[in-house]
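This is what each chain is made of:
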Amino acid sequence: MRNIIKKFKFIIAAVVLYACFFFLRQDIFWAAVNYTKDFMLEMLQVLPPVLVITALMAVWVPAEAIKKGLGSASGLRGKLLSLLIGSVSAGPIYAAFPAAYMLFKKGASVSNLVIILSSWAVIKVPMLLVEMKFLSIRFMIIRLILTVPAILLMGVLMERLIKRSNIQSADDKDAIIELPNINCGACGYNNCKDFKKAVLNKDKTLEDCVFLKKADNRTGVTV
Amino acid sequence: MTIILMIILAAGFLLFSIIKSKKKTVEGLRIARKMLISTFIEVAGVMAIVGLVLAVLPPEVIKQALGGANTALSTFFGALIGTVTIMPAVIAFPLSKSLYVSGAHLVAIAAFLTTLTMVGVATFPIEVKHFGTKFTVIRNSLSFGAALLIALVMGIFL
């Protein structure tokens, strides 16, 4: 029960707030509904394709390939590739979280993770055109020229400030085995916690996890 | 436009996957469904609350904050407002233009636009869920600083 409340806390809070405004200020209520409708539409368009691509990549692209292309040894080419991945992808930053997380778990470096997230947020080809239309071409170009090096610099800085082990999702704080915690269910268990128990009981091996499969020991397993 | 390209790319990848292996495709789609449900639950409530904040906070308030006599202060406010709100770009750019027309500083608008997408109080809990508190705090702080820096340097050129 407590878990359910925790899981849905924002939705519950939203429903309560909307109910209050519905009775007190209908004008604000309807304006808010309008904004929320826009957000939801955007989300429904963006999330399915992004997540299908992410999931299929998780299944098909081996960890070595991602490590080679985006790992800590990938150098400038890896950074430019990250910049490209971020700027051609559609959608707001929350769509980037699961996608970038998958790449990170498969071996992308911290700096490339940051570069993907930041460029996903700020650099968008069609948005540049909109920016040009509403502000000016000069404004758009100067902002772009300044943003790209800022993002690269941030990536390098984050690489120094954050260790790989600092990055862990909410569920695996006390995990002995580092699992992706996406709870994808591909291993046959409902969530990563159950899968971990099975691994500890030797019912399953880490090779049964699609995210850890063929990952080398440094990225995947710390038993 | 990119959304259509993404859908085409996803469909193409899916087709390729089905031809190559049905089993792996089913596995992949199951992962996608799980991620979709959990992301939707995480994001939907947050978005609804942001929608309410935008409805309570009228554009006039933003205009006042971004058009003050002190450019440095307006820029800081711009970055701050961008941090606490999220807007679809289709709303953000027309708003920026009307802000400019009604007297906001371009530098402040630049700061606002950059933090709007790169720094997020609203998306903070979602980011923490994926990457942990330390990563999220440092990334958002650095992005905030970067946005201010970009805006101030833009002030030299504009």
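Residues numbered from 1 in each chain as written. Chains lettered and ligands numbered in written order. Predicted model: local features only at pLDDT ≥ 70, side-chain atom pairs only at ≥ 80, totals over all residues.

Below, the discussion takes up the overall build of chain B. Within chain B one finds eight helices and zero strands. When its helices and strands are written in sequence order, chain B yields α-α-α-α-α-α-α-α. The globule rule puts the C-alpha radius of gyration for 158 residues at 15 Å, and the 20 Å found for chain B is more than 25% above it. In terms of overall dimensions, chain B has a C-alpha envelope of 65 × 35 × 30 Å along the principal axes. (Helix = DSSP H or I, 4+ residues; strand = E, 2+ residues; numbered from the N terminus. Rg over C-alpha atoms; globule rule 2.2 N^0.38 Å.)

Before going further, it helps to spend a moment on the interface of chain B and chain A. By a widely used convention, the size of an interface equals the accessible area lost when the partners come together. In this complex, chain B contributes 68 residues to the contact, which on the side of chain A involves 73 residues. Looking at the side of chain B that touches chain A, the elements that each hand over two or more residues are α1 (2-20), α2 (22-56), α5 (89-101), α6 (106-118), α7 (124-131) and α8 (133-157) of chain B. The greatest single-element share of the side of chain B that touches chain A, amounting to 25 residues, is contributed by α2(B). (Contact = placed C-beta atoms within 7 Å.)

With that settled, consider the confidence of the model for chain B. Residues and elements named next belong to chain B. For chain B, per-residue confidence averages 86 on the pLDDT scale, and residues scoring 70 or more make up 99% of the total. Element-level mean pLDDT values for chain B span from 78 in helix α3 (residues 59-66) up to 91 in α8. Complex prediction metrics read pTM 0.79 and ipTM 0.85. (pLDDT = per-residue confidence, 0-100.)

Spacing of three or four residues puts side chains on the same side of an α-helix, whose turn is 3.6 residues. Residue and element names in this part refer to chain A. Its 13 residues give helix α6 (residues 93-105) an end-to-end C-alpha distance of 18 Å, which sits within 8% of 18 Å, the value for a rise of 1.5 Å per residue. Burial of α6 is extensive: 13 of the 13 residues sit out of reach of the surface. Two residues or fewer past α6, G107 is found with a positive phi of approximately 120°. (Expected span 1.5 Å × (residues − 1). Buried ≥ 20, exposed ≤ 12 C-beta atoms within 10 Å, placed from the backbone.)

Take the environment of A:T54 next. Along the polypeptide, A:T54 turns up in helix α3 (residues 26-60). Take A:T54: there are 24 C-beta atoms within 10 Å of it, and that puts it in the buried class. For A:T54 and A:F195, which are 141 residues apart along the polypeptide, the C-alpha to C-alpha distance reads 21 Å. Residues in contact with A:T54, not counting those within four places in the same chain, are A:P98, A:A99, A:M102 and B:M35.

Residues and elements named next belong to chain B. Remark: α3 packs on helix α4 (residues 71-84), axes separated minimally by 8 Å, with the N-to-C direction vectors making an angle of 145°. Two secondary-structure elements touch here, α3 through I62, A65 and L66 and α4 through S74, F77, G78 and I81. Taken together, the residues of the contact of α3 with α4 break down into five nonpolar, two polar and no charged. (Axes fitted to C-alpha atoms, helices over the stretch in contact; angles between N-to-C directions. Nonpolar A, V, L, I, M, F, W, Y, C, P; charged D, E, K, R; others polar.)

Bringing the packing of helix α8 (residues 125-134) of chain A against helix α9 (residues 137-161) of chain A into the picture now. Helix-helix packing is characterised by the crossing angle of the two axes and by the distance between the axes. Residues and elements named next belong to chain A. One can describe the packing of α8 onto α9 by two numbers: an axis separation of 7 Å at closest approach and a directional angle of 140°. In terms of their interaxial angle, α8 and α9 are classed as oblique. Here L128, E131 and M132 of α8 lie close against α9, whose contacting residues are I137, M140 and L144. Among the residues forming the contact of α8 with α9, the class breakdown is five nonpolar, no polar and one charged. (Parallel < 35°, antiparallel > 145°, perpendicular 65-115°, else oblique.)

The next thing to look at is α9(A). Here α9(A) is 25 residues long and its end C-alpha atoms lie 36 Å apart, about the 36 Å a rise of 1.5 Å per residue gives. All of the buried residues in α9(A) are A:F139, A:R143, A:L146, A:T147, A:A150, A:I151, A:L152, A:M154, A:G155 and A:M158. Against α5 (75-88) and α7 (110-122) of chain A together with α6 and α8 of chain B lie the buried residues of α9(A).

Let us now look at the confidence of the model for chain A. Of the residues in chain A, 90% have a pLDDT of 70 or more, and the chain-wide mean is 83. Within the model, the stretch residues 215-223 of chain A combines pLDDT values under 50 with 17 contacts to residues more than four positions away or in other chains.

Relative to the helices and strands, B:P59 is located in helix α3. Since 13 C-beta atoms lie within 10 Å of it, B:P59 is described here as partly exposed.

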